[in-house]
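Remarks on the overall topology
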Amino acid sequence: MRTFGVEEELLIVDPETGEPLALADALLSGRRVAADDSAQDPRLLETEDKTVYDDDEMGLSAELKLEQIETQTRPCLEYGSLLEQIRAGRKLADQAAKKHNARVAALATSPLGLNSHTTPDPRYARMLERFGLTAQEQLTCGFHVHTFVESPDEGVAVLDRIRDKLAVLTALSANSPFWNGLETGFESYRTQAWNRWPTAGPAGIYGTYPAYRRLVTRLLDTGVMLDEGMIYFDARLSRNHPTVEVRVADVCLRADDAALLAVLVRALVETAGREWREGVDPAPVPTALLRMASWQASSGGLGGELLDFGSFRPAPAPDVARALVDYLAPVLEEQGELDLARQGVEAIIARGTGAAEQRRVHDQELAGPPPEDMGFGAVVRHAVNVTMRGNLDLSEVDSVPDLLRVRQA
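Residues numbered from 1 in each chain as written. Predicted model: local features only at pLDDT ≥ 70, side-chain atom pairs only at ≥ 80, totals over all residues. Heavy atoms only, no water.

- By the naming in an unreviewed UniProt entry, the protein goes by Putative glutamate--cysteine ligase 2 and is assigned to Arthrobacter nitrophenolicus.
- Recorded under Catalytic activity (unreviewed entry), the UniProt text for the protein is reproduced unchanged: "L-cysteine + L-glutamate + ATP = gamma-L-glutamyl-L-cysteine + ADP + phosphate + H(+)". (UniProt positions renumbered as here; feature names shortened; annotations may be inferred.)

1. Concerning the nonpolar core
- By size, the foremost hydrophobic cluster in this structure holds 69 residues, and its most contacted members are Ile162, Leu169, Leu172 and Val246.
- The leading source of residues in this core is helix α9 (residues 255-277), at 13 residues.
- The residues touching Leu172, leaving out its near neighbours within four places in the chain, are Leu261, Leu264, Leu302, Ala321, Val345, Ile348 and Thr353.
- Residues Leu66, Ala93, Val251 and Val380 belong to the second largest nonpolar core, which totals 37 residues. (Core = buried A, V, L, I, M, F, W, Y, C linked by side-chain atoms within 4.5 Å. Buried < 20%, exposed > 50% of the residue type's maximum accessible area, 1.4 Å probe, protein only. Helix = DSSP H or I, 4+ residues; strand = E, 2+ residues; numbered from the N terminus. Contact = heavy atoms within 4.5 Å.)

2. Topic: the packing of aromatic side chains
- Overall, the coordinates contain twelve aromatic pairs when judged by the stated rule.
- An angle of 65° between the planes, with centres 5.6 Å apart, marks the rings of Trp197 and Tyr232 as edge-to-face. Placement of Trp197 in the loop between α7 (189-194) and α8 (209-221) and of Tyr232 in the loop between α8 and β10 (235-237) is noted, with a sequence separation of 35 residues between them. Tyr232 shares its class with Trp197; the two are buried.
- Ring-pair connections join several aromatic residues into one group, and the members of that group are Phe131, Trp194, Trp197 and Tyr232.
- One residue, Arg130, lies across the ring of Phe131, its end atom 5.5 Å from the ring centre.
- One cation-aromatic arrangement involves Arg266 over Phe4; the distance from NZ or CZ to the ring centre is 4.0 Å. (Phe/Tyr/Trp six-rings, centres within 6.5 Å; stacked < 30°, edge-to-face > 60°. Lys NZ or Arg CZ within 6 Å of the ring centre and 35° of its normal.)

3. Some words on the environment of Pro120
- Tracing the chain through its elements places Pro120 in the loop between β6 (103-105) and α3 (122-131).
- Separated by 56 residues in the primary sequence, Pro120 and Leu64 place their C-alpha atoms 8.8 Å from one another.

4. Quick notes on the side chain of Thr184
- Checked against the element boundaries, Thr184 lands in the loop between β9 (182-183) and α7.
- From its side chain, Thr184 meets the backbone oxygen of Pro177 in a polar contact 2.7 Å long.
- Only 2.9 Å separates the side chain of Thr184 from the backbone nitrogen of Phe186, close enough to count as a polar contact.
- Discounting residues that sit within four places of it in the chain, Thr184 has contacts with Ser176, Pro177, Phe178, Trp179 and Tyr189. (Polar contact = N/O pair within 3.5 Å; in protein donor to acceptor, adjacent residues only side chain to side chain.)

5. Comments concerning the pairing of strand β1 (residues 4-13)
- Among the ten residues of β1, ten are classified as buried, and the element is accordingly described as predominantly covered.
- The alternating pattern of β1 places Phe4, Val6, Glu8, Leu10 and Ile12 and Gly5, Glu7, Glu9, Leu11 and Val13 on opposite faces, both of which are buried.
- Across five bridges, β1 lies against strand β7 (residues 142-148) in antiparallel orientation. Looking at β7, one finds that Val6 is bridged to Val145.
- Where β1 lies against strand β5 (residues 68-72), five bridges are found, and the strand directions are antiparallel. Counterpart to Leu11 in the pairing with β5 is Gln68.
- Note that β1 and β6 share three bridges and pair antiparallel. Bridging across to β6, Leu11 finds its partner in Ala105. (Pairing = 2+ DSSP bridges.)

What follows is the structure in structure tokens.
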């Protein structure tokens, strides 16, 4: 079985009002350095777009905005251990937030309006200057899954063969219906906001690793992006880890949904790797159709129709989600995860995504006299509780998530 690990971006919020709080630097208590600083401390790791602290005592890192914080897991082999680490990471972040009278919430965008604050380091300052409102408004929280690959050649082969199925993951994870005090009309508005970056979204078929590198080089040669860390494809090769990184999902409200998404991603990677070794060509789906599928998933989530990844024609979203599990069934069954995957997807279909849950809470708040915050504070307070649901005390966990690289165990 391939190892896999995840990164979760969480909002730091006021537990009473639900407003995002610019406290990331305080939560990290001086353990973070600017992304452009040289790493003198051996516990500091250079990642693709920031410097993070590798310490048994702290498994958190800063992101673009001070109102968010990121957790990372170590490489895992099975669902149970990954779920435990996701929960422990959330607990770790929440404990740090509580020291400053704050909490964390797994929300992909802020329901309440605010003027966000960019993390003070030179790289982020250049991003703000270069990309203006796109960077200023980019308080979005995603969920990234890293899955081990044997080589860059296998990694590119995987990228070529999973690209037509990634929109289903966007629909399953949709958790951002509100944006700065507004109803967006989308289930995953984070996808819309994120895709403003010039390199974000679906990519074409590369064919070979040298072709992948040539495209990255040509994009950098345009001078538009600051560095390779800003190559924001829906899925990409990690520069620092032997992994494929899938980046299309909203951060999931529920930890068990997050672990389920990671299981589906790992099965996608394994299935694609087998197809490559068996000489199965990637589906020649035009990138324009993939953009349409991504938009549709962002718009309707599981509540309407998705573009079926076989025909790219509209089909009931639950049926497309089930079809993805059917497609992955041989690998899932081998890995003892088929029942888990089927039950997990059915649970999301039955209960609704995080976006649907946010809307239910919001609508209940507006059933009586509308509160001053139009019900958005209640949405955040509910999200804080659900984010931490099922979490263990850190004393019950053998080791908290630290910032070790995602690699083969």
